[in-house]
Amino acid sequence: MKNKISIIIPVYNTEVYLENCIESLINQAYSNWEAILINDGSTDNSLSIISNYEKQDSRIKSIDLKVNKGVAHARNTGLDVATGEFIYFLDSDDSLDQYALGLLISNITHHEVIFGSFNKQNKKANLTLPVKHRIKYSKSKFRNESVLNRLFRRTLVDELNLRFDEDYRYYSDLTFLLPLLDYFKTVPTITGYIYKKQWRKDPDSPESLTQHDDVAKIKEYVERFHKLTEVYSENPKAIKFLCNQFVSYYCQYVIFVLQEQDIYSEVLEDLSSVVQFIDTHSYSRRISFFIKRELKAIRNKDEKKLRKLLKLHKVLRITSRSLKGRQKLYRTLYNYVFTKLPMQNKTIVFESFLGKNYSDSPKNIYEELINENKDYNYIWVFAKPGKEIPGNAKQVKRLSLAYFYYMARAKYWVSNSRIPKALKKREGNIYLQTWHGTPLKKLVFDMNDVHSANPNYKADFYEQSRRWDYLISANSYSSEIFQRAFKFNNRMFEYGYPRNDILHSDNKTHLMERFKTQLNIPLDKKVILYAPTWRDDEFYKPGQYKFSLRFDLERLQEELGDEYVVLLRTHYFIADHLNTEDFEGFAFNVSKYDDISELYLIADILITDYSSVFFDYANLKRPILFFTYDLEKYRDTLRGFYIDMESELPGPLVFTNDEIIDSIKNIDQVKEQYQAKYDLFYDRFCGWEHGDASKKISGEVFS
Ligand code: C2G
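Residues numbered from 1 in each chain as written. Predicted model: local features only at pLDDT ≥ 70, side-chain atom pairs only at ≥ 80, totals over all residues. Heavy atoms only, no water.

**Digging into helix 22 (residues 657-665)**
Logical step 1: Taken residue by residue, helix 22 has Asn657, Ile660, Ile661, Ser663 and Ile664 as its buried positions. Looking straight down helix 22, one finds that the buried residues subtend no more than 165 degrees of arc, so they occupy a single side. (Buried < 20%, exposed > 50% of the residue type's maximum accessible area, 1.4 Å probe, protein only. Helix = DSSP H or I, 4+ residues; strand = E, 2+ residues; numbered from the N terminus. Arc of directions from axis to C-beta.)

Pasting the structure below:
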């Protein structure tokens, strides 16, 4: 077929993003393409990811360079084997929305090249392209010096012998583009987000650059600047373009490097040589008063003045940014003020389910510490502070100024879920991630395609979990999954869940009476606890999920009301409110009750679905029913499971209210029928639980 696009993708240690990149090609509306992935000596899983996809789709081709030779060589290698009439470059940590290639190829018409546009930094890429995409004929030739997201005719590439200068490790793109400068009057540009740049590289990603790299980068840029101004000395347009590009490079990169790293002595001479050149040549990029003075200080090699100017420039930038909103102000204060204050080595911040309640393993660890009278300052983070909790913890509102203050000062963070990725980890900080359940549902890097409301889910998660120093696992099954699915390689605590200590308490009977009384549940009634999970694809907006109750409470009350009461407990992501007014005394909505572990204790039977709650409840060796009315959808499309729901669960799958009623009426037979499976299940998932996880972890982390 004609009009084939050859997509050239150098790959170097981008396993975290690579699947997202390749999937975005497979999902292209325009199918006539070949993808040439050049593995540039990756030391992570990148090559095996490429090979897996190569087996699935004949349009995907791989070249393994064995050793790392840099992007220029990788792209040139791709060009040598490309067979398409068009050439397109894509970075392996980026991705395309599904109309990207179609839009470019259907609008290049008679042109030799067409430009796409990029998603803006930190903005969700616009997944539904504007129906009427506009073709804008750009006035200047190139606004940035990248080959990404441009569709080139192969004939043009060959005619001008466009290649990448392999002498350059960081800045070879311009050597491919500059010959085009004289070639075009205007270039068509597609608006609308079609190229999704992975703007934030996680701090650990192998290609993230260290200080040494920044010096090398600047030196290479300067060397290339002088070489190209030499080569194009007779071409005023090229000279003007190169001068403009240097000023952009200084404003978008060099300033930040110099403000964060003390490398003035290593790069000032080089930068000065460029400024001396551009001062004798014209360039059109508008520059501010500040930049003018900074460039002058660079030209004069006046390091002292330059330091002063950049320091002032930074304060102004931070101040102006923080005036754009309270959260930005708090984040700025966190990064530039609070984290500069001395760390409080005896302060621990606790948070459970994003501040939703006082519960889970953070609660048990906290109570262990106060019971042991360890002298720490305790901070609890709540969405709504003012809760009745034991001890003398200070309560702060999540994302308030106090929250950012204490998160910056505290040596310890104890969370069972996620802490905003904007809170960069401070030197000396110890982050204990307790997590919040033995996984049934596929997690993060074990998930094929993500249905989450957040399109950057995996990359964001990876960035956040790099901060974890410790992670708690309740069983060896979880340990193996967490290591792989979270890419977690720090210390795993394998003592069981602190939140399950109560399930092994010696005075369960007393506790059960206390909790039933608190909930006004008649002591002579048995309790059914219904605790379903959330559905990834049923959301109002990120974090606000829908839930429709499939119980027929009327029938359940008729059939079971003499002996049982029902506790309804939705997942903390669920925004919908379950109305139980018509079932006073039979159905109790306990969705807002803080600690589900206490509900386990009073429940004689648990009904759940795909929620991890049953791994914990099984510690009590009481019957469990799985109300899996949407099993096909949930297992096969939404998430996928780690265990086989049909064969490994310690209780029956039930799909209708009739089956629920029947199972409960015959619960002893059900127990007997599943006893063998239950015993196996208990050994495999509850074997580490002895009611002392909190104590062990307190001893290990909080000396
Ligand atoms: N939970 C709850 N009430 C529910 C469901 C869950 O209080 N009705 C709490 C339980 O402590 C449970 C935890 O939230 O263990 C996680 O809930 P899941 O339904 O398993 O869903 P999810 O939040 O996706 O966590 O490794 C565990 C996974 O990450 C699942």
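More follows now that the structure is in view.
**Let's talk about the pairing of strand 12 (residues 377-382)**
Logical step 1: Of all six residues in strand 12, five are buried, a share of seventy percent or more.
Logical step 2: Sheet topology note: the strand 11 (residues 344-351)/strand 12 ladder contains five bridges and is parallel. Counterpart to Val349 in the pairing with strand 12 is Ile379.
Logical step 3: Handedness of the β-α-β unit built from strand 11, helix 13 (residues 360-371) and strand 12 comes out right-handed.
Logical step 4: Where strand 12 lies against strand 13 (residues 394-397), four bridges are found, and the strand directions are parallel. When the sheet's bridge partners are listed, Ile379 is paired in strand 13 with Lys394. (Pairing = 2+ DSSP bridges. Right-handed = clockwise from strand over helix to strand, strands pointing away.)

**Some details on the sheet that holds strand 18 (residues 526-530)**
Logical step 1: In spatial order, the strands read 22-21-18-23-24-25; together these six strands make up an open sheet with parallel pairing. Taken across any chain shown, the strands that pair with only one partner, and hence form the sheet edges, are strand 22 (587-589) and strand 25 (653-654).

**Describing the sheet that holds strand 13**
Logical step 1: The seven strands are arranged 13-12-11-14-15-16-17 in an open sheet whose pairing can be described as parallel. At either end of the open sheet lies a strand with only one pairing partner, and these are strand 13 and strand 17 (491-493). Sheet twist, expressed as the average angle between the axes of neighbouring strands with direction ignored, equals 20 degrees.
Logical step 2: Along the sheet, helix 24 (residues 693-701) makes contact with strand 14 (410-415), strand 15 (430-433), strand 16 (470-472) and strand 17, crossing strand 17 at roughly 150 degrees. (Axes fitted to C-alpha atoms, helices over the stretch in contact; angles between N-to-C directions. Contact = heavy atoms within 4.5 Å.)

**Some remarks on the nonpolar core**
Logical step 1: Counting 108 residues, the largest nonpolar core has Phe486 and Phe702 as the members making the most contacts within it.
Logical step 2: The residues that make up this core include at least three from each of domain 3 (343-499) and domain 4 (500-685).
Logical step 3: Aside from chain neighbours lying at most four places away, what touches Phe702 is Ile348, Ile365, Leu369, Lys374, Tyr376, Tyr412, Val414, Leu432 and Ile697.
Logical step 4: Core analysis: the next-biggest nonpolar cluster, separate from the first, contains 100 residues, Ile5, Val157, Ala238 and Cys251 among them. (Core = buried A, V, L, I, M, F, W, Y, C linked by side-chain atoms within 4.5 Å. Domains from an automatic or database assignment.)

**What to know about the site of the ligand**
Logical step 1: Surrounding the ligand, one finds 22 residues, the nearest of these being Gly437, Thr533, His571, Ser611 and Ser612.
Logical step 2: Arg569 places a main-chain nitrogen or oxygen 2.8 Å from a nitrogen atom of the ligand.
Logical step 3: For the ligand, the accessible surface in isolation is 600 Å², of which the surrounding protein chains cover 97%. (Near = heavy atom within 4 Å. Polar contact = N/O pair within 3.5 Å; in protein donor to acceptor, adjacent residues only side chain to side chain. Areas by Shrake-Rupley, 256 points an atom, 1.4 Å probe, with all protein chains shown as cover.)

**Re the packing of aromatic side chains**
Each pair of aromatic rings is reported with the distance of its centres and the angle of its planes.
Logical step 1: Enumeration over the complete set of coordinates arrives at 65 aromatic pairs.
Logical step 2: Geometrically, the ring pair formed by Tyr358 and Tyr366 is edge-to-face, given 6.3 Å between the ring centres and 85 degrees between the ring planes. An identical accessibility class is assigned to Tyr358 and Tyr366; each is buried.
Logical step 3: Put simply, the rings of Phe350, Tyr358, Tyr366, Tyr376, Tyr378, Trp380, Phe382, Tyr412 and Phe702 pair up and form one aromatic cluster.
Logical step 4: Residue placement shows Arg150 over the ring face of Phe115; its charged tip is 4.0 Å from the ring centre.
Logical step 5: A cation sits over an aromatic face here: Lys621 above Tyr682, 4.3 Å from the ring centre. (Phe/Tyr/Trp six-rings, centres within 6.5 Å; stacked < 30°, edge-to-face > 60°. Lys NZ or Arg CZ within 6 Å of the ring centre and 35° of its normal.)

**Considering the environment of Pro188**
Logical step 1: Residue position: Pro188 is located in strand 9 (residues 187-190).
Logical step 2: You can call Pro188 buried: its relative accessible area is 1%.
Logical step 3: Along the chain, Pro188 and Ile108 lie 80 residues apart, while their C-alpha atoms are 7.4 Å from each other.

**Points about the pattern of salt bridges**
Side-chain pairs of opposite charge can arise whenever the charged atoms involved come near each other.
Logical step 1: Per the counting criterion, the structure on display carries 40 salt bridges.
Logical step 2: Two residues, Lys421 and Asp460, come together in a salt bridge whose shortest N-O distance is 2.8 Å. Remark: Asp460 occurs in helix 15 (residues 457-465) and Lys421 occurs in the loop between strand 14 and strand 15; sequence separation between them is 39 residues.
Logical step 3: The exposure class of Asp460 is buried, given its relative accessible area of 9%.
Logical step 4: Residues Lys424 and Glu463 are paired through a salt bridge, measuring 3.8 Å at the closest nitrogen-oxygen approach. Here Lys424, found in the loop between strand 14 and strand 15, pairs with Glu463, found in helix 15; they are 39 residues apart in sequence, far enough to count as distant.
Logical step 5: Sharing partners across several salt bridges, the network here consists of Lys4, Glu34 and Lys61. (Salt bridge = Lys/Arg side-chain N within 4 Å of Asp/Glu carboxyl O.)

**Some details on the packing of helix 9 (residues 264-279) against helix 10 (residues 289-299)**
Logical step 1: Interhelical geometry of helix 9 versus helix 10 gives an angle of 115 degrees and a closest axis separation of 7 Å. When the axis of helix 9 is compared with that of helix 10, the two are roughly perpendicular. Classified by chirality, the crossing of helix 10 by helix 9 is left-handed. Contacts between helix 9 and helix 10 involve Leu268, Leu271, Ser272, Val275, Gln276 and Asp279 on the former and, on the latter, Leu295, Ile298 and Arg299.
Logical step 2: Residues belonging to the contact of helix 9 with helix 10 are distributed by class as follows: five nonpolar, two polar and two charged. (Parallel < 35°, antiparallel > 145°, perpendicular 65-115°, else oblique. Left-handed = near helix turned anticlockwise from the far one by under 90°. Nonpolar A, V, L, I, M, F, W, Y, C, P; charged D, E, K, R; others polar.)

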